[in-house]
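Listed below, chain by chain, are the residues.
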Amino acid sequence: MKKIIVSILGEDRPGIVYAVTRVLCEEGCNVLEASQTILQSEFAGIFLASMPDDLTRERLQQSLEEGLASLGCSVWLKDFKAGAYSAPGAEPYVITLRGRDRLGIIPGVAGVIAGFDVNIENLRAITIKDDPSQVVIVFEVAVPKGVHRPAFREALKWKAEEFGMDLGVQHRDIFEAVHRL
Amino acid sequence: MLTDREVISTLEMLKNEHLDVRTVTLGVSLFGCASDDFNRFTARVFDKITRLAENLVPACNEIGDKYGIPVVNKRIAVSPVAVVAAAFGPDDMVKAAQVLDRAGAQAGVDFVGGFGALVEKGAAPGDLALIQAIPQALAETNRVCSSVNVASSRAGINMDAVAEMGRVVKRAAELTAARDGVACAKLVVFANLPQDVPFMAGAYLGVGEPDAVINVGVSGPGVVKKAVDRAMASGQKMTLGDLSEVIKRTAYKVTRVGEIIGREVAARLGVPFGVVDLSLAPSPQVGDSVGEIFQSLGLGTIGAPGSTAALALLNDAVKKGGAFASSHVGGLSGAFIPVSEDLNIAASAGQGFLSLEKLEALTSVCSVGLDMVPIPGDISAATIAAIIADEMAVGVVNHKTTAVRIIPAPGKKAGDKVSYGGLLGEATVIEVKDHFGAEKFIALGGRIPAPIHSLRN
């Protein structure tokens, strides 16, 4: 059974998921997994679906574009390949930087993270309600077994100091232990 | 995926609210070290402590780094030395304290507790030898802490021991007169002493505990205060019941930190995990105060009318929240009100808003007792014993732990300043209204019998 990745980008509004999944269903594709994010006014969704053998990508692309035309969304299709990246035994860490927002923090820190072969699983920026000049940038990462933690920590600390930010590097379990039952 | 609230709230607790693990205490049983040969005894003691505690400090630091939560103190608690070294006399007891001090130094810990005795119903020769050795032992060592249990709800109050401890406290202060009687900061007299307290100076490893165990003491009065402040500023009408709920939930979070870190240290050291003591333990740093919580609750200061009720609310809410957060809660578990260790409480006492009498009333509803209270140096041993007796009675009748850690300041009187250094803090000497003395009462000695409601069978 073929599988396909369907990526949708566009302005957020009611009806997008309906439009996408209706077309997929009409073409005989079953949605296996889905993930969506809304950032400010933008919608981004990724759908993993099965494809009947006699359905071509071109035909599916066309059907989806027609179905989403009135919503103004873009569609990308890709053949699904299982198991591209994995890091067995990786530990979940949360890297936080707090301070005044400035240009270059995210690529700076992301560069350090990438340099250690660590994967970022979630990234966001949180503005502090009581102090809008302060931002907290949160990287949820998976640190593989082979990474030398003290060196990783040290490299992140240097980068944070470069930008005048407060650094936190903590195992994710502590956040869950404190806030979740 | 963590929510924004979970991330921000945890970071706030760490950075601005002084959330930390106050102590990880390794209990080491010394019963197997017993010998009638003193050198063999001390060699076994030194070996066992240093062997078991070898990785304590590195493990705590590493795990603290992993979670971003500092383990502020690493400590050791041993079996009551009066029992383990029962065969020896006072001079050997002092030497034993020095061995504990050296072992603690090697392990890199800041305190070693357990140089104590349990004499609630009577004292054996070993107990008496240890008690006699306490002043010199505490004056000559840095790390050793001593706790003596002189009363229990089951046994009553051993007034002979109380009288003796009055003399011991005074002598310990005199031996360290140059440092404001600091030896007494390492000595606590207890009623109903629990055997798994991780905090000093009361920590010891009781009979019935495993050979080695990890007990954790969390802290977080700053976290509680900020939570109360946020609730009060939220715009919603808050009743005391609502605030109790806020404190309870906050105590839960603080205790969870202790639980997760304690378990991991225990696993790393290959030692059983004992308990989390979820006490709100202040330190003399800004923002790490229990006293400030009273102000957040609307009182002018700790010591003002309403304080006992407020403390009852606080102590109970802390216990409830913490109890849910940990599989095994123990030790003292509640709110501490150590005078010199809390900037706000020290200030309140110094300005005359918190008297010895009010402190005693507060101890009926909180965790510990008269803690880190500097008193004039000329107060007699009998009066000190009488103060101890009062506090023991509060504990015995109310089936709770109470303790006395008072520090006579030789050469100083009420209103003078004292300073003990570091976490022990500084304060103003408190007035003791001792117009008539207590010599005749204390001289009667004997035992005050256990209260009738202790006959539970």
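Residues numbered from 1 in each chain as written. Chains lettered and ligands numbered in written order. Predicted model: local features only at pLDDT ≥ 70, side-chain atom pairs only at ≥ 80, totals over all residues. Heavy atoms only, no water.

A. Structural detail: the overall build of chain B. Scanning chain B from N- to C-terminus turns up 15 helices and 14 strands. Relative to the 2.2 N^0.38 estimate, which gives 23 Å for 457 residues, the radius of gyration of chain B is 21 Å and therefore close to what a compact globule would have. In terms of its C-alpha atoms, chain B occupies a principal-axis envelope of roughly 65 × 55 × 50 Å. When contacts within chain B are restricted to residue pairs at least 6 apart in sequence, long-range pairs at least 24 apart make up 79% of them. Looking at chain B as shown, the accessible area adds up to about 16,400 Å², and 54% of this sits on carbon and sulfur atoms. Within chain B, one finds 42 positive and 47 negative side-chain charges whose respective centroids are separated by 3 Å. (Helix = DSSP H or I, 4+ residues; strand = E, 2+ residues; numbered from the N terminus. Rg over C-alpha atoms; globule rule 2.2 N^0.38 Å. Contact = heavy atoms within 4.5 Å. Areas by Shrake-Rupley, 256 points an atom, 1.4 Å probe, with all protein chains shown as cover. Lys, Arg positive; Asp, Glu negative; His and termini not counted. Charge placed at Lys NZ, Arg CZ, Asp CG, Glu CD.)

B. Inspection of the nonpolar core at higher detail. B:F115 and B:I214 are the most contacted members of the largest nonpolar core, which has 160 residues in total. At 11 residues, the largest contribution of residues to this core is made by helix α9 (residues 240-269) of chain B. Excluding anything up to four places from it in sequence, B:F115 contacts B:V81, B:M93, B:A97, B:L100, B:L130, B:A133, B:I134, B:A137, B:V144, B:C145, B:S146 and B:S147. Formed by 21 residues, the second largest nonpolar core is a distinct cluster that contains A:I4, A:V20, A:L55 and A:V75. (Core = buried A, V, L, I, M, F, W, Y, C linked by side-chain atoms within 4.5 Å. Buried < 20%, exposed > 50% of the residue type's maximum accessible area, 1.4 Å probe, protein only.)

C. Broad picture of the pattern of salt bridges. All names here are of chain A. Tallied over the entire structure, the rule returns 33 salt bridges over all chains. Across the pair R124 and E140 runs a salt bridge, and its minimum N-O distance is 3.6 Å. One end of the pair, R124, is in strand β6 (residues 119-128); the other, E140, is in strand β7 (residues 131-143), with 16 residues separating them in the sequence. Using a relative accessible area of 16% as the deciding quantity, one classes R124 as buried. For E140, a relative accessible area of 5% translates into the label buried. (Salt bridge = Lys/Arg side-chain N within 4 Å of Asp/Glu carboxyl O.)

D. Spotlight on the pairing of β7(A). Residue and element names in this part refer to chain A. The element β7 is extensively covered by neighbouring structure, given that 10 of its 13 residues are classed as buried. Relative to β7, strand β5 (residues 91-100) runs antiparallel, the two being bridged by 10 bridges. Bridge assignment links R100 to a residue of β7, and that residue is Q134. In terms of strand pairing, β6 meets β7 through 9 bridges, oriented antiparallel. The residue of β7 that forms the bridge with A125 is I137. The turn joining β6 and β7, which pair antiparallel and follow one another in sequence, is formed by 2 residues. (Pairing = 2+ DSSP bridges.)

E. Region of the structure containing helix α13 (residues 356-363) of chain B. All names here are of chain B. Within the span of α13, buried status applies to L356, L359, L362 and T363. Looking straight down α13, one finds that the buried residues subtend no more than 115° of arc, so they occupy a single side. Next to the buried residues of α13 lie α11 (307-325), β10 (370-376), α14 (381-397) and β11 (402-409). (Arc of directions from axis to C-beta.)

F. Just the sheet that holds strand β8 (residues 166-171) of chain A, in detail. Residue and element names in this part refer to chain A. If you trace the 4 strands from one edge of the open sheet to the other, you get β6-β7-β5-β8, paired in antiparallel fashion. What marks the edges here is a single partner per strand, and that holds for β6 and β8. Put simply, the sheet's adjacent strands are angled 15° from each other on average, direction ignored. (Axes fitted to C-alpha atoms, helices over the stretch in contact; angles between N-to-C directions.)

G. Main features of the interface of chain B and chain A. Taken together, the contact pairs 25 residues of chain B with 28 residues of chain A. With both sides pooled, the region where chain B packs onto chain A buries about 2,400 Å², and carbon together with sulfur makes up 61% of that total. Contact with chain A buries area across many residues of chain B, yet B:M1, B:L2 and B:K66 alone supply 24% of it, more than any other trio. If you look at where chain B meets chain A, you find 3 salt bridges. One salt bridge in this structure joins A:R124 and B:D4, with 2.6 Å as the shortest N-O distance. Counting every contact that joins chain B to chain A gives 13 residue pairs in polar contact (both at pLDDT 80 or more). Secondary structure elements with two or more residues in the side of chain B that touches chain A: α1 (4-15), α3 (56-67) and α9 of chain B. In the side of chain B that touches chain A, the residues fall into 13 nonpolar, 4 polar and 8 charged. (Buried area = accessible area lost by both parts, 1.4 Å probe. Polar contact = N/O pair within 3.5 Å; in protein donor to acceptor, adjacent residues only side chain to side chain. Nonpolar A, V, L, I, M, F, W, Y, C, P; charged D, E, K, R; others polar.)

H. Representation of the packing of aromatic side chains. All names here are of chain B. Using the criterion set out here, one finds 6 aromatic pairs over all chains in the structure. Centroid distance F38 to F41: 6.1 Å. Interplanar angle 45°. Geometry classified as tilted. Of the two residues, F38 and F41 are both situated in helix α2 (residues 38-52); the distance of 3 residues between them amounts to about one turn of the helix. F41 shares its class with F38; the two are buried. When the ring of F199 is compared with that of F336, the centres are 5.0 Å apart and the planes differ by 70°; the resulting orientation is edge-to-face. Taken together, the residues F199 in the loop between β7 (187-191) and β8 (212-218) and F336 in the loop between α11 and α12 (343-350) connect sequence positions 137 residues apart. Comparing F199 with F336 shows no difference in burial state: the two are buried. (Phe/Tyr/Trp six-rings, centres within 6.5 Å; stacked < 30°, edge-to-face > 60°.)

I. Representation of the packing of α11(B) against α13(B). Residues and elements named next belong to chain B. At their nearest, the axes of α11 and α13 sit 9 Å apart, and the two run at 30° to each other. Accordingly, the angle class assigned to the pair α11 and α13 is roughly parallel. In this structure, the crossing between α11 and α13 has a hand that is right-handed. Contact residues: S307, T308 and L311 in α11; K358, A361 and L362 in α13. Here the residues of the contact of α11 with α13 are counted per class, giving 3 nonpolar, 2 polar and 1 charged. (Parallel < 35°, antiparallel > 145°, perpendicular 65-115°, else oblique. Left-handed = near helix turned anticlockwise from the far one by under 90°.)

J. Inspection of a nonpolar patch on the surface at higher detail. Residue and element names in this part refer to chain B. A surface patch of nonpolar side chains, about 240 Å² in accessible area, is lined by F31, V83 and V207. Its place among the elements puts F31 in the loop between β1 (21-28) and α2. Overall, the relative accessible area of 32% leaves F31 in the partly exposed class. (Patch = residues over 30% accessible without salt bridge, like charges linked within 9 Å, V, L, I, M, F, W, Y side chains within 5 Å.)

K. View of the packing of helix α6 (residues 125-140) of chain B against helix α7 (residues 159-175) of chain B. Residues and elements named next belong to chain B. Following both chains from N to C, one finds α6 and α7 inclined at 20°, their axes separated by 9 Å at the closest point. In terms of orientation, α6 and α7 fall into the roughly parallel class. Once α6 is placed against α7, the crossing between them reads as right-handed. Along the contact surface, α6 presents I131, I134, P135, Q136 and A139, while α7 presents E164, M165, V168, R171, A172 and L175. Tallied by class, residues from the contact of α6 with α7 come to 8 nonpolar, 1 polar and 2 charged.

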